[in-house]
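Fold and contact review
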Amino acid sequence: MSGLTGKTALVTGASRGIGRAIAERLGRDGARVGVHFGENEAAAKETVAAIEEAGGSAFAIRARLGESGDAEALWAAFDVEADGVDILVNNAGVVDDRQGLAGTTPEDFDRLFSINTKAPFFIIQQGLGRLRDGGRIINVSTGLTHRPGAIPEIVAYTMTKSALDQLTAVLAKELGPRGITVNAVAPGAIDTDMNAGWLRSSAEVREATARRSPLGRLGMPEDVADIVGFLASADSRWVTGQWIDATGGALI
């Protein structure tokens, strides 16, 4: 794997879960990492500390996504710490409360799209002037966009990520002349705090979920982070516009 020494990365939602694993992986590969958080400053500082303890460099930046002016606030905080970015990972996201079509309110719907779809769109839009030629944009999607109806209770969430998939493909064509690659990584059921409510509810649920993968185990944040590490590196220079299955084969 090629190193990222001299590169600067920004990972949204990097205080815990998949985002933290991605930030730590990029830090180990040599990048200076902007660790974005919305609420949990203590957790973000723990991520920064973990990167630094491993010999890397990182800084925390706060911006509440899903609010007016969120992209502007994020980049303003970033600009205090760095003068450009090479790797942008749109990881931050929220999932609904499994209410399905009937139970999703307009407020729920708007919140999901504001954070999962609108925020990445404008973060990218306003970040293009900062993103260096030859850079990387990596969007965190979900395996559910290629398995319609698998979990109908979170249909609105799946819709937000489907839009992100389309953005990925369009931007890959638009930004290709600058040598910028744009890809989406699509996790399945990953053992994180966000999924704790259902995935850690019982041993039976965990075992049934693990059996969906031919590899016979649950996905871990590091499994996704290592794919992102490849996409952030020079080794992925000929990969763009792709939706990459990170479900451990659960869609087979």
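The coordinates are above.
Read on for an overview of the structure. In this text, all values refer to a predicted model and were calculated from it rather than measured experimentally.

**Things to note about the pairing of strand β1 (residues 8–11)**
Along β1, one buried face is formed by T8 and L10 and the opposite face, lined by A9 and V11, is buried too. For β1 and strand β2 (residues 32–37), the ladder comprises 4 bridges, and the chain directions are parallel. Bridging across to β2, L10 finds its partner in G34. Each parallel crossover has a hand, and the one from β1 via helix α1 (residues 17–28) to β2 is right-handed. With 3 bridges connecting them, β1 and strand β4 (residues 85–90) associate as parallel partners. Each bridged residue has a counterpart across the sheet, and for L10 the counterpart in β4 is L88.

**Focus: the pattern of salt bridges**
All told, the structure shown has 14 salt bridges when counted by the stated rule. In this structure, R64 and E67 form a salt bridge, with 2.5 Å as the shortest nitrogen-oxygen distance. On the accessibility criterion, E67 (37% relative accessible area) is partly exposed. As a salt-bridge pair, R130 and D79 come within 2.7 Å of each other at their nearest N and O atoms. Residue R130 is found in the loop between α5 (106–127) and β5 (131–140), and its partner D79 is found in helix α3 (residues 70–81); the two are separated by 51 residues along the sequence. The partly exposed category is assigned to R130, whose relative accessible area is 25%. Residue class for D79 comes out partly exposed when judged on its relative accessible area of 37%.

**Quick word on the packing of aromatic side chains**
Under the definition given, this model contains 4 aromatic pairs. Through a chain of ring-to-ring contacts, three or more aromatic side chains come together here, namely F59, W75 and F78.

**Side note on the sheet that holds β4**
Pairing within the open sheet is parallel, and its 7 strands lie in the order β3-β2-β1-β4-β5-β6-β7. Single-partner strands in this sheet number two, and they are β3 (57–62) and β7 (243–246). Averaged over all pairs of adjacent strands, the angle between strand axes in this sheet comes to 20 degrees, irrespective of strand direction. Each of β1, β2, β3 and β4 touches α3; the most contacted strand, β3, lies at about 150 degrees to it.

How each quantity is defined
Here the residue index of a chain counts from 1 through its sequence in written order. Selection of residues for local features in this predicted model requires a pLDDT of at least 70, selection of side-chain atom pairs for listing and counting requires 80 or more, and totals for whole chains, interfaces and linings are taken over all residues. Values shown for side chains rest on all heavy atoms present in the structure; no hydrogens or waters enter the calculation. Each residue is assigned to one of three classes by its accessible area relative to the maximum for its type, calculated with a 1.4 Å probe on protein chains only: buried under 20%, partly exposed between the two thresholds, exposed over 50%. Per the convention used, a helix needs a DSSP run of H or I reaching at least four residues, while a strand needs a run of E reaching at least two, with both numbered from the N terminus. For two strands to be treated as a pair, DSSP must find no fewer than two bridges joining them. Convention used here: a crossover is right-handed provided that the path from the first strand, over the helix, to the second strand proceeds clockwise when the strands point away from the viewer. What counts as a salt bridge is simple: a side-chain nitrogen of Lys or Arg found within 4 Å of a carboxyl oxygen of Asp or Glu. Each pair of aromatic rings taken from Phe, Tyr and Trp, with Trp reduced to its six-membered ring, is defined by centres within 6.5 Å and is described as stacked if the planes are under 30 degrees apart, edge-to-face if over 60, and tilted in the remaining cases. Lines fitted to the C-alpha atoms define the axes, with helices restricted to the stretch that makes contact. Angles between their N-to-C directions range from 0 to 180 degrees. Any two residues having at least one pair of non-hydrogen atoms within 4.5 Å are treated as being in contact.

Geometric descriptors of this kind do not, in isolation, establish any biological role.
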